[in-house]
Amino acid sequence: MLLRILKMIDKQELNTNIPAHVAIIMDGNGRWAKQKGFFRAVGHENGTKAVKEAVEGAAEIGVKFLTLYAFSTENWNRPKLEVDTLMKLLVNSLRKEIDTLQKNNIKLNAIGNLDALPNKARKELLEVIEKTKDNTHMTLSLALSYGSREELIKTIQEISNKVKNNVLSPHLINEAVINKHLYTKNLPDVDLLIRTSGEQRISNFLLWQIAYAELYFTEILWPDFKRTNLFEAILDYQKRERRFGKTSEQLS
Ligand code: FPP
């Protein structure tokens, strides 16, 4: 099956017009596990294999920025056992995959309220971020304890403080100033947002940054996601006309 899909995808088309920034809402681990009669944790565990597929696939075709929604601010409300499992998987994956990151020249980054993470997870994360900081081929950002509204509140608070302390004048607040205060300050806007599992919503992910992103929804449950599915999403993206508010005629 995989070989058949690979044959169907013309790799030539993946040589140009690659979105610089791809973001993924990895959804469906729980349903995948339930369908197979497993505990949800097994779904998350298999979700880590799909993370590897997506990361290696993105690096292979020259995506410069890949951002994965790994744990939302709302996910803290899940049963403690599930939260603990996800944090353990994070630590294990970071330990296991540091070599993959180095081999592929991938820089690790994290967005979100990292102070909320358990010490062990935060320490491991910061260590891998430090070790990969000089890598240049692709930036992999993990959204951890991330919520777009929380990010915007933090941004508004920081900017308000600057105004209050006369460091910034209100009329100088523009998109660039806001971008500089977001967790994504070092990332460009998202070009392509993918969500798996058939759900068609944004779930508090990168609300500001997806203003002009192309959206791609697939029925595939995250643990089944392979690099060919990423390539299919990118081929679909390449068929879109991104007008950014202009007319087709203006673009041509
Ligand atoms: C959504 O599926 C997935 C998550 C909340 C967590 C994503 C985590 C991983 C892919 C594994 C660990 C990640 C890293 C980066 C090592 P869901 O549980 O909401 O599925 P459901 O909607 O079917 O219940």
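Provided above is the structure to which this section pertains.
Reading the values: the criteria
Residues numbered from 1 in each chain as written. Predicted model: local features only at pLDDT ≥ 70, side-chain atom pairs only at ≥ 80, totals over all residues. Heavy atoms only, no water. Near = heavy atom within 4 Å. Polar contact = N/O pair within 3.5 Å; in protein donor to acceptor, adjacent residues only side chain to side chain. Areas by Shrake-Rupley, 256 points an atom, 1.4 Å probe, with all protein chains shown as cover. Helix = DSSP H or I, 4+ residues; strand = E, 2+ residues; numbered from the N terminus. Nonpolar A, V, L, I, M, F, W, Y, C, P; charged D, E, K, R; others polar. Core = buried A, V, L, I, M, F, W, Y, C linked by side-chain atoms within 4.5 Å. Buried < 20%, exposed > 50% of the residue type's maximum accessible area, 1.4 Å probe, protein only. Contact = heavy atoms within 4.5 Å. Pairing = 2+ DSSP bridges. Right-handed = clockwise from strand over helix to strand, strands pointing away. Axes fitted to C-alpha atoms, helices over the stretch in contact; angles between N-to-C directions. Parallel < 35°, antiparallel > 145°, perpendicular 65-115°, else oblique. Left-handed = near helix turned anticlockwise from the far one by under 90°. Salt bridge = Lys/Arg side-chain N within 4 Å of Asp/Glu carboxyl O.

**Some thoughts on the site of the ligand**
Surrounding the ligand, one finds 17 residues, the nearest of these being Asp27, Gly30, Arg31, Arg40 and Arg78. Here Gly28 contributes a backbone N or O atom positioned 3.4 Å from an oxygen atom of the ligand. Between Asn29 and the ligand, the recorded distance is 3.2 Å, taken from a backbone N or O atom to an oxygen atom. Surface burial for the ligand is 91%, taken as the share of its 630 Å² of free accessible area covered by protein chains. For the shell around the ligand, the element with the most residues is helix α3 (residues 40-61), which contributes four residues. Class assignment for the residues of the shell around the ligand results in five nonpolar, eight polar and four charged.

**Considering the nonpolar core**
Ranked by size, the top nonpolar core spans 46 residues in total, and within it Ile24, Leu66, Leu125, Leu140 and Ile194 carry the most contacts. Broken down by element, the residue count for this core peaks at eight residues, all from helix α4 (residues 80-103). Not counting chain neighbours up to four residues away, the residues in contact with Leu66 comprise Val22, Ile24, Ala54, Val55, Ala58, Met138, Thr139, Leu140 and Ser141. Within the second largest apolar cluster, 14 residues are counted, among which are Ile111, Ala143, Val190 and Ala213.

**Here's the deal with the pairing of strand β5 (residues 192-195)**
Side chains of β5 alternate between two faces, with Leu192 and Ile194 and Leu193 and Arg195 buried alike. Where strand β1 (residues 21-25) lies against β5, four bridges are found, and the strand directions are parallel. When the sheet's bridge partners are listed, Ala23 is paired in β5 with Leu193.

**A short note on the pairing of strand β4 (residues 138-146)**
Residues in a regular strand project their side chains so that they alternate between the two faces of the sheet. For β4, a buried count of nine out of nine residues is recorded, marking the element as mostly surrounded by other parts of the structure. The pairing of strand β3 (residues 106-111) with β4 spans six bridges and is classified as parallel. In the strand pairing of β4, Asn109 is matched with Ser141. In the classification by handedness, the crossover that spans β3, the intervening helix α5 (residues 119-131) and the parallel β4 is left-handed.

**Brief notes about unusual backbone geometry**
A positive phi is found at Asn204, a non-glycine position, where the angle reads about 65°. Mapped onto the fold, Asn204 is located in the loop between β5 and β6 (214-217). Classification of Asn204 by relative accessible area gives buried; the value is 15%. One non-glycine residue with positive phi stands out, namely Phe244, at about 45°.

**With respect to the packing of α4 against α5**
In contact at an axis separation of 9 Å, α4 and α5 are set at 10° when each is read in the N-to-C sense. Of the possible angle classes, the one that applies to α4 and α5 is roughly parallel. Once α4 is placed against α5, the crossing between them reads as left-handed. Taking contact as the criterion, the partners of Met87, Leu90, Val91, Leu94, Arg95, Ile98, Leu101 and Gln102 in α4 are, on α5, Lys120, Ala121, Glu124, Leu125, Val128 and Lys131. Among the residues making up the contact of α4 with α5, the classes are represented as nine nonpolar, one polar and four charged.

**Overview of the pattern of salt bridges**
Applying the stated criterion across every chain, the model contains 21 salt bridges. In this structure, the salt-bridge partner of Glu124 is Arg95, at a minimum N-O distance of 3.2 Å. One end of the pair, Glu124, is in helix α5; the other, Arg95, is in helix α4, and 29 residues separate them in sequence. Two residues, Arg240 and Asp236, come together in a salt bridge whose shortest N-O distance is 2.7 Å. Each member of the salt-bridge network shares a partner with another, and the members are Lys52, Glu53, Glu56, Glu60, Glu97 and Arg227.

**Concerning the sheet that holds β3**
Strand order in the open sheet formed by six strands is β3-β4-β2-β1-β5-β6, with parallel pairing between adjacent strands. In this open sheet, the two edge strands, each paired with only one partner strand, are β3 and β6. Each adjacent strand pair in this sheet contributes to an overall mean axis angle of 20°, direction not counted. Direction of pairing for β1 relative to strand β2 (residues 65-72): parallel, over a ladder of five bridges. When the sheet's bridge partners are listed, Val22 is paired in β2 with Leu66.

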